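Overview (structure and organization)
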Amino acid sequence: MTEMTVQNGPPEVTDEAAQAAWRRVQLARHPHRPRTLSLVPQLFDEFVELHGDRTFRDDPAIVGGPALLEGRAVMVIGHQKGTDTESNIFRNFGSPMPEGFRKAQRLMRLADRIGIPIITFLDTAGAFPGPAAEERGQAEAIASSIRLMTGLRVPVVVVIVGEGGSGGALAIGVGDEVLALENAVYSVISPEGCAAILWRSADAAPRAAAAMRMTAAEQRALGVVDVVIDEPADGAHTDLPATAAAIKRAILDSLVRLDRLAPDDLRAARYARLRSIGTVLELEAEALRGTSPSLGERLGRLLGLPAGAPIPESDEDDLDEEGA
Amino acid sequence: MPPCSRGDWRIGDAVKIKFPFSRRSGPTDAWTKCPVCENQLFNRQLERSHRVCPTCGHHFRMSAGERIDLLLDSGTFEERDANLVSGDPLGFVDSKPYPERLESSRVRSGLPEAAVWGIGKVEGQRIAIGLFDFRFMGGSMGSVVGEKVARCFEAALAERIPAVIVSASGGARMQEGTISLLQLAKTTAALERLNEAGIPFISILTDPTTGGVLASFASLGDVVLSEPRALVGFAGARVASGTVGEELPDGFQSAERLLEHGFVDVIVPRSQLRATLARLVRVLPVAGQSDGTDRRAIRPIGILQGLAQRVGGAVSETAGIDTETTQARPSGGGR
């Protein structure tokens, strides 16, 4: 039996590409990267932060509340990382608990009811995965937040500021337009997590980052991000006012476009946008017609394959079986 | 590489995937060892018992095809969109290119993708049903799986029939990156429309259902059923231990825990899954179709008969799920 070597990494991710992707990841995670609460006073007037999910507790990893954008009322919701060790512990390093997503839902429902646009800021490594989060329904909280966003009747502008980490980002990231700062990243799983599963080593994180094409420009090319917002030459952390001004212009431009749509059209456009995401190929269906063999035989025939294998009861022999 | 040549991968002790059961014996054996009670089971006996260990009640995993046989009236399943296959949006390569990984999964499972969907009947009632197959890249959700789930919901909406998804998935498929992530939103958007139209969605969780599938439609059933002792949780074990720096306690991500915390409605042993599904479809009509018993044809004698039946104690027949039978405690052999 041959041992498959996984240390060498993929032929198509060069060291240069891996390092370039990794530099972006590190800029996105820079300790002085602008955070939601540092951007808010630059972008909005009269922000009032609201707290709590009305069920369990207030999650400091998600902040939000109404504010004025050039005199217009909007609902602001964002992940919030800390700026030093102490504040990071308080903010749980920006990784929300279920109650954070439920607070976000409460604010979105309010915005929907009173008819004001929602602006969200994404900056999280991901939803918190610990036991407390599990028992309070982390998956359900993310799922119901996503569902709520798909049905909103008000414009939703999403700004990926730093890390767009998986379900924890998407839970407040279903928008009509998705903007991303130049050095922001967006991914289905952290590069470390991807590396641990597919490369069996967290050291492969830079390769995983490159393979997942997680930079803003690459996400723009995939159609996941609509607008890339330029940052100051050395990164957003070097010039907060300039970064904020660029973000503000991009949000205002988005709202001009979205204001043209009536609520039902907005929802229809959002549905069409989400519905179109994916690379699905349709094979000729002829092979499926004919007599009525079992499902497996029919599918196997379609692809000219032998009959199926048994189902693994263990995952120890397959790299594929842990998703994100 | 021939099909079933599993075992090319040797996993270092440093990174060990934590799933509750050890591997069963090879595919060509006539016998299978139960990973829980360690009894040797004759394969044909295992098939007859719908892959439930007759000794300890351990539920082995099932293929999508076996699930169809289990849940639907014989010969009623009409598969839709069997011809969808995935592209490679990222040109993803880890130890091998994604298209090769897809191909070996096709060979191994005999399926073109990790989910199938179609229209079928359960005790005579038409439903739209989607089923995951864990053999295909761990049931992971990429473009095609997301598309099939969305089309299943859209068909349920168009026909105004209930939707059912049987999940078995590690989560979003990493090889399609954020395209996979956005399948959470795509499937859930289609579900939102179903919800608004008043069409019930029944989510059935089986071992294992984790990650992005649980963090989207699978958690959002109007009714959420699970098989006993299924692994059900948000974060994969390695993601959790890597982030939190602690292992999740044993059995923490289980259907039983979710029931306890209010995220699962009923834990249903496989032998009763079909009857329970049929009953739910009867008692949860599509909005505007609640006259299942045809109230327009009320006749006095009918009412009297009905009363007599109630007095006779036959109410439980139609009064919903009989929790005593469907929520039976595991009958020993626990892990």
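Computed from a predicted model, the values in this text were never measured in an experiment.

1. Some words on the overall build of chain B
Counting secondary structure elements, chain B contains eleven helices and eleven strands. Counting the 335 residues in chain B, one finds 51% classified as buried. Look at the contacts in chain B between residues 6 or more apart in sequence, and 69% of them connect residues 24 or more apart.

2. So, the nonpolar core
Within soluble globular proteins, side chains that are nonpolar tend to cluster in buried spots. With 168 residues, the main nonpolar core has Val159(A), Ile160(A), Ala180(A), Ala208(A) and Ala163(B) as its most contacted residues. If one sorts the elements of this core by residue count, helix α5 (residues 177–196) of chain B sits on top with nine residues. Excluding residues that lie within four positions of it along the chain, Val159(A) makes contacts with Ile119(A), Thr120(A), Phe121(A), Leu122(A), Leu179(A), Ile247(A) and Ile251(A). Among the nonpolar cores identified, the runner-up in size contains five residues, and Cys34(B), Val36(B), Val52(B) and Cys53(B) belong to it.

3. Comments concerning the environment of Ala82(B)
In this fold, Ala82(B) is placed in the loop between β3 (78–80) and β4 (84–86). A C-alpha to C-alpha distance of 14 Å links Ala82(B) and Gly146(B), two positions 64 residues apart in sequence.

4. Some thoughts on the domain arrangement of chain B
By the assigned domains, chain B splits into domain 1 (17–60) and domain 2 (62–288). Distance from the C-alpha centre of domain 1 of chain B to the C-alpha centre of domain 2 of chain B: 23 Å.

5. Quick word on the pairing of strand β5 (residues 115–122) of chain B
Residues in a regular strand project their side chains so that they alternate between the two faces of the sheet. Residues and elements named next belong to chain B. Counting buried residues in β5 gives six out of eight residues, a clear majority hidden from the surface. Taken together, the three bridges between β3 and β5 define a ladder with antiparallel strand orientation. Residue pairing for β5: Arg80 is matched across the bridge by Trp117. For β5 and strand β6 (residues 125–132), the ladder comprises eight bridges, and the chain directions are antiparallel. If you follow Gly120 over to β6, its bridge partner there is Ile127. Between β5 and β6, which pair antiparallel one after the other, the connecting turn spans two residues, and Glu123 there sits at a positive phi close to 45°.

6. Focus on helix α4 (residues 143–159) of chain B
Residues and elements named next belong to chain B. With 17 residues, α4 should reach 24 Å at 1.5 Å per residue; the first-to-last C-alpha distance of 24 Å fits that figure. For α4, the tally of buried residues reaches twelve of 17 residues, placing the bulk of the element in the interior. Among all positions in α4, only Ser143, Val144, Val145, Gly146, Glu147, Lys148, Val149, Ala150, Cys152, Phe153, Ala155 and Ala156 are buried. Once α4 finishes, Arg160 follows within two positions and takes phi at roughly 50°, a positive value.

7. Some details on the confidence of the model for chain B
Residue and element names in this part refer to chain B. Per-residue confidence for chain B averages 82 on the pLDDT scale, and 74% of its residues sit at or above 70. With pLDDT under 50 throughout, residues 1–26 is counted as low confidence; its partners more than four residues away or in other chains account for 55 contacts. Scored below 50 in pLDDT, residues 293–300 shows two contacts in the model against residues more than four places distant or in partner chains.

Rules used throughout
Residues numbered from 1 in each chain as written. Chains lettered and ligands numbered in written order. Predicted model: local features only at pLDDT ≥ 70, side-chain atom pairs only at ≥ 80, totals over all residues. Helix = DSSP H or I, 4+ residues; strand = E, 2+ residues; numbered from the N terminus. Buried ≥ 20, exposed ≤ 12 C-beta atoms within 10 Å, placed from the backbone. Contact = placed C-beta atoms within 7 Å. Core = buried A, V, L, I, M, F, W, Y, C linked by C-beta atoms within 7 Å. Domains from an automatic or database assignment. Pairing = 2+ DSSP bridges. Expected span 1.5 Å × (residues − 1). pLDDT = per-residue confidence, 0-100.

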